[in-house]
Amino acid sequence: MTENAWTRWPSREALGRAGITRPRRMLAWSVRLLVIALLLWGAFSQKHVGVWGALAAAAGVVLAAFVSWAFFHTTYAHRLMPSLALMSVILGIAVAAEATGFRGPALLIWCGAGIAALERLPLGAALPVTSVALASYSAFNNDVWLTTAATVAGMALAGYVLRLDAEARGNAQRLLAQERAARAAEAESAALVERARIAREIHDVLAHSLSAQLVHLEAARLLIERGAGREQILERVVAARGMARDGLAETRQALSALRGELTPLEEFLTALVSASDGADVTVTGEHRALPAEASQAVRRVAQEALTNVRKHAHGAKVHLRLDYGQHEVTLDVRDSGGRPGELTGAGGGYGLLGMRERAELLGGSLDAGPDEEGFVVTLKVPV
């Protein structure tokens, strides 16, 4: 059956105690204790009953309190039939109290039952219960009809206002829970993004450094197999050692980048080409600081492009051009072409695929391919 305004329960957040301030909780308990005290006073103040009658009335008060407690729990669990059964018991206790001469406690129970039903039951079930309870109150109340009508209207209004107040508190609790869940999800997402960024930076550093070392170590192996001279082999070993040293420096730089401590990009490219024979760099456009991710992308692509030139175009001249555009930064790496190195098939770093993935993660692009003379790698990253 489709739930509507008549069959919909107040939310569990509205029926529960979460979100209720301490002063309101103290006020609620004070009202409950006051009601129990009035019921007990009504039980023992009647002169027409003896001691055993007063004790029986007190037992009825205790039973009514227990059934009310059970009613609160079954309504919180949204169990309609048990809730209606418990409410029937409460109304029956009121009828028994009236029949045995305890009119004051009976009237009090009828008013409380009408308010509680309107506050905690679906409207389709609450209105009949509240009508029966308040009609019983009206029938046995000795006040003038105008006072009785005003009291009945006030009780009904009080129950509905309490219902609206509880629903507003429940909505606030749900919104608060959703906001906390959203913040937790956002924090988890940010942590995953940061982990991916760290992993990518460390991977790129190791891929470049180890690839360069592998080039020289593989060359040393081939030289040994061919019986080359000691000086040639030593030259390759020393170069591999230099690559390892550079790799450590790059790792430190990557960690500094993760902390936001980057050296200027132009200085990095100048140092990079100065360590490569036949390479130069040109910077155009209006210089400005780049976001850390964009700056790291330019650095990694420049490193990988130069490594590829050493592997696949031995002796080629390389020109790097960094252009600061209005909305993007462009890195263009061109080589003049050269003979394939004897280590063309030796391991590779993360290669063109890794460079392209890094660019796309930033919303940019990377194009790589041969031109009239040699090979061109062009990176564009929005800034």
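As a reminder, the structure under discussion sits directly above these lines.
Residues numbered from 1 in each chain as written. Predicted model: local features only at pLDDT ≥ 70, side-chain atom pairs only at ≥ 80, totals over all residues. Heavy atoms only, no water.

Trainee: What exactly am I supposed to notice about the sheet that holds strand S3 (residues 328–335) here?
Mentor: Whenever strands of a sheet pair, they do so through backbone hydrogen bonds, lying parallel or antiparallel. Pairing is mixed across the open sheet formed by five strands, whose spatial order is S1-S2-S3-S5-S4. Taken across any chain shown, the strands that pair with only one partner, and hence form the sheet edges, are strand S1 (279–285) and strand S4 (365–370). On average, each strand axis in the sheet is tilted by 10° relative to the strand beside it, whichever way the strands run. Here strand S2 (residues 318–324) runs beside S3; their pairing, made up of seven bridges, is antiparallel. Residue pairing for S3: Tyr 324 is matched across the bridge by Val 329. Across the face of the sheet, helix H10 (residues 292–312) comes into contact with S2, S3, S4 and strand S5 (375–382) while running at roughly 5° to S3. (Pairing = 2+ DSSP bridges. Helix = DSSP H or I, 4+ residues; strand = E, 2+ residues; numbered from the N terminus. Axes fitted to C-alpha atoms, helices over the stretch in contact; angles between N-to-C directions. Contact = heavy atoms within 4.5 Å.)

Trainee: Looking at this structure, I do not really get the nonpolar core. What am I missing?
Mentor: Met 87, Trp 110 and Leu 121 are the most contacted members of the largest nonpolar core, which has 30 residues in total. Those elements that place two or more of their residues in this core are helix H3 (51–76), helix H4 (80–99), helix H5 (103–120) and helix H6 (123–140). When residues of this core are assigned to their parent elements, the largest contribution, nine residues, is made by H5. The contacts of Leu 121, once residues within four sequence positions are left out, are Trp 9, Pro 10, Phe 71, Thr 75, Leu 80, Ser 83, Leu 84, Ala 116, Ala 126, Val 129 and Arg 163. Grouped together as the second largest cluster of nonpolar side chains are 29 residues, Ala 302, Leu 306, Val 333 and Leu 379 included. (Core = buried A, V, L, I, M, F, W, Y, C linked by side-chain atoms within 4.5 Å. Buried < 20%, exposed > 50% of the residue type's maximum accessible area, 1.4 Å probe, protein only.)

Trainee: How do you make sense of the side chain of Thr 75 when you look at a structure like this?
Mentor: Along the chain, Thr 75 turns up in helix H3. A distance of 2.9 Å separates a polar side-chain atom of Thr 75 from the backbone oxygen of Phe 71. In this view, Thr 75 contacts Trp 9, Leu 15, Ser 83, Arg 120 and Leu 121; residues no more than four positions away in its chain are not counted. (Polar contact = N/O pair within 3.5 Å; in protein donor to acceptor, adjacent residues only side chain to side chain.)

Trainee: Looking at this structure, how should I read the pairing of S5?
Mentor: Looking along a regular strand, one sees side chains alternate from face to face of the sheet. Sheet analysis places S3 next to S5, joined by seven bridges and oriented antiparallel. When the sheet's bridge partners are listed, Leu 331 is paired in S5 with Leu 379. Bridge analysis of S4 against S5 gives six bridges, and the strand direction is antiparallel. Bridging across to S5, Ser 365 finds its partner in Lys 380. Between S4 and the antiparallel strand that follows it, S5, lie four residues.

Trainee: I'm lost on the pairing of S3 in this one. Help?
Mentor: For S3, the buried fraction is high: six of the eight residues fall into the buried class. Hairpin connection between S2 and S3: a loop of three residues separates the two successive antiparallel strands.

Trainee: Would you mind showing me how to read H4 here?
Mentor: Spacing of three or four residues puts side chains on the same side of an α-helix, whose turn is 3.6 residues. The end-to-end C-alpha distance of H4 is 28 Å, a good match for the 28 Å that 20 residues give at a rise of 1.5 Å each. Taken as a whole, H4 has its buried residues at Ser 83, Leu 86, Met 87, Ile 90, Leu 91, Ile 93, Ala 94, Ala 97 and Glu 98. Down the axis of H4, the smallest arc covering the buried residues is 145°, so these residues share one side. The outward face of H4, more than 90 degrees from its buried face, is lined by the exposed residues Met 81 and Ala 99. Within two residues after H4, Gly 101 carries a phi angle of roughly 95°, on the positive side. (Expected span 1.5 Å × (residues − 1). Arc of directions from axis to C-beta.)

Trainee: Could you clarify how one ought to interpret a nonpolar patch on the surface in this entry?
Mentor: Nonpolar side chains collect at one region of the surface, where Leu 63, Phe 66 and Trp 69 lie side by side and expose about 350 Å² of accessible area between them. With respect to the element layout, Leu 63 can be found in helix H3. Taking the relative accessible area as the measure of exposure, Leu 63 reaches 43% and is therefore partly exposed. (Patch = residues over 30% accessible without salt bridge, like charges linked within 9 Å, V, L, I, M, F, W, Y side chains within 5 Å. Areas by Shrake-Rupley, 256 points an atom, 1.4 Å probe, with all protein chains shown as cover. Salt bridge = Lys/Arg side-chain N within 4 Å of Asp/Glu carboxyl O.)

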